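The residues making up each chain are set out below.
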Amino acid sequence: MRDGFGREINYMRLSVTSRCNLRCRYCMPEPSPQGRPGEELGDGELLAICAQAVKLGITRFKLTGGEPLLRPGLAELAAQLKALEGVEEVTLTTNGVLLAEQLDGLCRAGLDGVNVSLDALDPQLYQAITGRPGAAAKAMPALLAECVRRGLRTKVNAVLLEENLCQVAELALLGRELPVDVRFIQLMPIGWGAKVQGVPPERALAILKERWPDLHPVQERRGNGPASYFATEGLRGRVGLIAALSRRFCAQCNRVRLTSTGGFKPCLCYRERYELGLLLRGGAPGEALGQAMAQAILQKPWGHCFEKADAVTEALTMDQIGG
Ligand code: SAM
Ligand code: SF4
């Protein structure tokens, strides 16, 4: 359906857990307070919400978190989601640490694509950013190759920080042998991210242009995200920039979010959410969920206010919301 500004809303990011096995310093440097046991939506509840979302025209779903691969039975959930009538696409965003062992099940489930978050290939830097052993970074190139071999649309996401600017070209080179898009994301001042200094994507672009002078913008939509893409003869994949603050992409926004406890969020930046989990558990019929989602979509704000950090009203951290 269209929101109050005429934007087509067809994409929902589902946080399937707020737990994580990394401690990225801009996202979840210490564990977030957990909800009460059982507060996170079960598979049936999540699927009931998605079934109503499909009726509103939301046909593309991203499994995220926290770290989605920590949710027991994720592949089974993905398969059931994929089997819902009207669902066109189910993709995953993950830190990749547990991906190799779950890849078989996810591919069998019909997963359409995977975004692997990787801020550094250098093991020491990886450890400094994620708080976890750098060996995981070393395993990433082979993991990405395996994702591609299995036919998954594969992307890499790196959040831009002062300390990983030295890795920008190295990360982009992941797209030299493999058709993998590497996207550089501007840090958003949300949750812990508000306490960390980000770096404008133009600085990454300057590094990339120095390395590949023929780098040029391409007008391509590759997936559901707001990245602008660049191509060079030197790379099979595209390089993407997600300029969350410096270039407003709200005019093309097509997304809504569901927190792991069932909070339906029309915009990342503001605290407004519709508690679909509570509605469900209070015995509300499916149509009531659909009506609440439709109302939230109609009230989706025009744009974020990340450039004025004190106007951001969302107090949850990124892992709690679902990034
Ligand atoms: N754990 C999974 C992962 O890391 O891909 C999924 C959840 S994580 C919150 C999703 C994405 O959000 C990651 O690429 C992460 O780097 C990004 N992210 C987290 N906090 C952010 C922030 N404040 N600004 C921009 N991106 C952020
Ligand atoms: Fe975990 Fe992803 Fe946040 Fe890193 S970015 S702490 S991997 S949820």
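Residues numbered from 1 in each chain as written. Chains lettered and ligands numbered in written order. Predicted model: local features only at pLDDT ≥ 70, side-chain atom pairs only at ≥ 80, totals over all residues. Heavy atoms only, no water.

Visitor: Is there a simple way to explain the environment of methionine 12 in this structure?
Guide: With respect to the helices and strands, methionine 12 occurs in strand S1 (residues 11-15). Setting aside residues no more than four positions away along its own chain, methionine 12 makes contact with Ile49, Cys50, Ala53, Ile58, Arg60, Phe61, Lys62, Val256, Leu258 and Phe264. (Helix = DSSP H or I, 4+ residues; strand = E, 2+ residues; numbered from the N terminus. Contact = heavy atoms within 4.5 Å.)

Visitor: In this structure, what is going on with the pairing of S1? I would like to understand it.
Guide: Side chains on a regular strand alternate between the two faces of the sheet. Within S1, five of the five residues are buried, which leaves it mostly tucked inside the rest of the structure. Every second residue of S1 is oriented toward a common face, with Tyr11, Arg13 and Ser15 on one face and Met12 and Leu14 on the other, all of them buried. Note that S1 and strand S2 (residues 60-64) share five bridges and pair parallel. Paired with tyrosine 11 across the two strands is arginine 60, which belongs to S2. (Buried < 20%, exposed > 50% of the residue type's maximum accessible area, 1.4 Å probe, protein only. Pairing = 2+ DSSP bridges.)

Visitor: How should I be thinking about the site of ligand 1 in this particular structure?
Guide: Surveying the vicinity of ligand 1 reveals 19 residues, the closest of which are Tyr26, Gly66, Thr93, Ser117 and Met188. Residue threonine 94 places a main-chain N or O atom 3.4 Å away from an oxygen atom belonging to ligand 1. Computed on the free molecule, ligand 1 has an accessible area of 550 Å², of which 94% lies beneath the protein chains in the complex. Contributing elements (two or more residues each) for the shell around ligand 1: strand S3 (89-94) and strand S5 (153-159). Grouping the amino acids of the shell around ligand 1 by side-chain chemistry returns seven nonpolar, eleven polar and one charged. (Near = heavy atom within 4 Å. Polar contact = N/O pair within 3.5 Å; in protein donor to acceptor, adjacent residues only side chain to side chain. Areas by Shrake-Rupley, 256 points an atom, 1.4 Å probe, with all protein chains shown as cover. Nonpolar A, V, L, I, M, F, W, Y, C, P; charged D, E, K, R; others polar.)

Visitor: Can you help me understand the sheet that holds S2 in this one?
Guide: Ordered by their spatial adjacency, twelve strands build an open sheet running S7-S8-S9-S6-S5-S4-S3-S2-S1-S10-S11-S12, and the pairing between neighbours is mixed. The open sheet is flanked by strand S7 (216-218) and strand S12 (274-275), the only strands paired with a single partner.

Visitor: Could you clarify how one ought to interpret the site of ligand 2 in this entry?
Guide: As a matter of local geometry, ligand 2 sits amid Cys20, Leu22, Cys24, Cys27, Met28, Gly66 and Asn95. Taken together, the residues of the shell around ligand 2 sort by class into five nonpolar, two polar and no charged.

Visitor: Can you help me understand the environment of alanine 48 in this one?
Guide: As for its position among the elements, alanine 48 is in helix H1 (residues 43-55). The exposure class of alanine 48 is partly exposed, given its relative accessible area of 29%. Between the C-alpha atoms of alanine 48 and leucine 289, which are 241 residues apart in sequence, the distance is 8.8 Å. In contact with alanine 48, other than residues within four places in its own chain, are Leu280 and Leu289.

Visitor: Can you walk me through the pattern of salt bridges in this structure?
Guide: Oppositely charged side chains can pair when the atoms bearing their charge come close. Taken as a whole and assessed by the stated rule, the structure comprises 15 salt bridges. Close ionic contact of aspartate 112 with lysine 82 constitutes a salt bridge, the shortest N to O distance being 3.2 Å. You can see aspartate 112 sitting in the loop between helix H3 (99-108) and strand S4 (113-117) and its partner lysine 82 sitting in helix H2 (residues 74-83), a full 30 residues away along the chain. Exposure remark for aspartate 112: the relative accessible area of 23% places this residue in the partly exposed category. (Salt bridge = Lys/Arg side-chain N within 4 Å of Asp/Glu carboxyl O.)

Visitor: Even after reading the chapter, I still don't get the packing of H1 against helix H10 (residues 286-298), so can you show me in this structure?
Guide: The relative placement of two packed helices is expressed as an angle between their axes plus a distance between the axes. At a minimum axis distance of 9 Å, the contact between H1 and H10 shows a crossing angle of 60 degrees. By the angle between their axes, H1 is oblique relative to H10. Considering how the two elements wind past one another, H1 and H10 form a crossing that is right-handed. Residues Ala48, Ile49, Gln52 and Ala53 of H1 form the contact with H10, whose participating residues are Gly286, Glu287, Leu289, Gly290 and Met293. (Axes fitted to C-alpha atoms, helices over the stretch in contact; angles between N-to-C directions. Parallel < 35°, antiparallel > 145°, perpendicular 65-115°, else oblique. Left-handed = near helix turned anticlockwise from the far one by under 90°.)

Visitor: Could you clarify how one ought to interpret the nonpolar core in this entry?
Guide: Met12, Phe61, Leu99, Phe184 and Phe264 are the most contacted members of the largest nonpolar core, which totals 105 residues. Excluding anything up to four places from it in sequence, leucine 99 contacts Leu69, Leu92, Thr94, Leu106, Val114, Val116, Leu143 and Cys147. (Core = buried A, V, L, I, M, F, W, Y, C linked by side-chain atoms within 4.5 Å.)

Visitor: Got a minute to help me understand the side chain of glutamate 67 in this structure?
Guide: Mapped onto the fold, glutamate 67 is located in the loop between S2 and H2. Leaving out residues up to four positions away in the same chain, glutamate 67 has contacts with Thr17, Arg19, Cys20, Asn21, Thr94 and Asn95.

Purely geometric stuff here, so don't read any function into it on its own.
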